[in-house]
Amino acid sequence: MSAHESQPLILFSGLAADASIFAPQKIAFPQLVVPRWPISQVNDTLDSYCKRIADELRPLGRCVIGGASFGGIVALGVAQYLDPLGVLLIGSVRSPTELPYYLRMARRLGPLVRFIPVSLLQFLMLPIASAFFGQVAPHFSGLARQFCNSDSYIFKWSIRQLLEWQYSPNISCPILQLHGKRDFVLPLRYTSPDKTVVRGGHVISLTHPNEVNDFIRWALNQIVTEQDVPQ
């Protein structure tokens, strides 16, 4: 049995999105688990949220974790408490210094996030999230689909945590990163991935599933090889 078929794998979906964002990966990796986003508690910080997720996942044993977009940031936070074999970032970033300038400038607007009419915006975005529009503009349709599938409460909380993210987690395991060259949400020029998808946008798990699956196989083999090296 190869490394990618046997290694426990946990991936977190994008900003409050559901498991459908990793539907192509679930077919290729039957051992893949995509956890539901827990409802944040009163006064939850990103750190306390990630610690609670780590506590819930610990019974699964040592595994590889990762995520797409904000899910990758959560995976980094969880890694501090879960001691995974490795972290996979798919259209995500390693630290707050790799966030685009517009997000860093928007930090002072955090208190206004609670006024975002998420439900109304989701309704207006439904046509863009459709399969028909996906044939015309897959990058934008993928983003719209992710947004329309999100829980409005968790979406607002996640946006606030993203804006307030200022410290890189201290992680000792390997971090492997795949990024789309046409990612306009988290632009490539701010980060340094291990591999890129030439025509990939932000939601590459849906728009470029083969490239993402190949990256996961490569990353799992890299992690297993490193584990086999005598210390």
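Everything numeric in this text was worked out from a predicted model, so none of it was measured.

What counts, and where the lines are drawn
Residues numbered from 1 in each chain as written. Predicted model: local features only at pLDDT ≥ 70, side-chain atom pairs only at ≥ 80, totals over all residues. Heavy atoms only, no water. Core = buried A, V, L, I, M, F, W, Y, C linked by side-chain atoms within 4.5 Å. Buried < 20%, exposed > 50% of the residue type's maximum accessible area, 1.4 Å probe, protein only. Helix = DSSP H or I, 4+ residues; strand = E, 2+ residues; numbered from the N terminus. Contact = heavy atoms within 4.5 Å. pLDDT = per-residue confidence, 0-100. Pairing = 2+ DSSP bridges. Axes fitted to C-alpha atoms, helices over the stretch in contact; angles between N-to-C directions. Salt bridge = Lys/Arg side-chain N within 4 Å of Asp/Glu carboxyl O. Phe/Tyr/Trp six-rings, centres within 6.5 Å; stacked < 30°, edge-to-face > 60°. Lys NZ or Arg CZ within 6 Å of the ring centre and 35° of its normal.

Student: How would you sum up the nonpolar core? Please name residues and give values.
Tutor: Within the largest apolar cluster, 37 residues are counted, with the highest numbers of intra-cluster contacts made by Phe12, Ile65, Phe70, Val74, Val78 and Val87. Here the element with the most residues in this core is helix 4 (residues 70–82); it accounts for 8 residues. Sequence-distant contacts of Val78, defined by excluding residues within four places in its chain, comprise Phe12, Cys50, Ile53, Ala54 and Ile65.

Student: Give me the environment of Pro35: which residues, what numbers.
Tutor: Secondary-structure assignment places Pro35 in the loop between strand 2 (32–33) and helix 3 (46–57). Once the C-alpha coordinates of Pro35 and Glu56 are considered, the two residues, 21 residues apart in sequence, prove to be 9.9 Å apart. Excluding its chain neighbours within four sequence positions, the residues that come into contact with Pro35 are Ile10, Leu11, Phe12 and Leu57.

Student: Hey, could you go over the confidence of the model for the chain for me, with residue numbers and the actual values?
Tutor: Residues at a pLDDT of 70 or more form 87% of the chain, whose mean pLDDT is 85. When the elements of the chain are averaged for pLDDT, helix 1 (residues 3–6) gives the smallest value, 61, and strand 6 (residues 195–197) the largest, 98.

Student: Can you break down the sheet that holds strand 6 residue by residue, with the values?
Tutor: Overall, parallel pairing links the 6 strands, which are arranged 2-1-3-4-5-6 in an open sheet. For this open sheet the edge positions go to strand 2 and strand 6, each flanked by a neighbour on one side alone. In this sheet, strand 2 lies alongside strand 1 (residues 9–12) in parallel orientation, the contact comprising 2 bridges. Across the sheet, residue Leu9 finds its bridge partner in strand 2, namely Leu32. Those strands touched by helix 4 are strand 1, strand 3 (64–68), strand 4 (86–90) and strand 5 (175–180), and its axis lies near 155° from that of strand 3.

Student: Talk me through the pattern of salt bridges; I want residue IDs and the actual numbers.
Tutor: Considering all chains together, one arrives at 6 salt bridges under this definition. With a shortest N-O distance of 2.8 Å, Arg52 and Asp44 are connected by a salt bridge. Given the relative accessible area of 18%, Arg52 is considered buried. Connected through shared salt-bridge partners, Lys51, Asp55 and Arg58 make up one network.

Student: Give a description of the packing of aromatic side chains that names residues and reports values.
Tutor: Taken as a whole and assessed by the stated rule, the structure comprises 5 aromatic pairs. Ring geometry for Trp37 versus Phe70: centroids 6.2 Å apart, planes at 35°, classification tilted. Of the two residues, Trp37 is situated in the loop between strand 2 and helix 3 and Phe70 in helix 4; the sequence distance between them amounts to 33 residues. For the residue pair Trp37 and Phe70, the accessibility class agrees, reading buried in each case. Three or more aromatic residues link up through ring pairs in this structure, and these residues are Phe12, Trp37, Tyr49, Phe70 and Trp157. Of note, Lys195 hangs over the ring of Trp218, and the distance from its end group to the ring centre comes to 4.6 Å.

Student: Pulling in residues and values, what's your account of unusual backbone geometry?
Tutor: Positive phi is not limited to glycine here, since Ser69 has a value of about 55°. On the secondary structure map, Ser69 appears in the loop between strand 3 and helix 4. The class for Ser69 is buried, based on a relative accessible area of 11%. Backbone geometry at Asp83 places phi at a positive 55°, although glycine is not the residue there. Take Asp83: it is sitting in the loop between helix 4 and strand 4.

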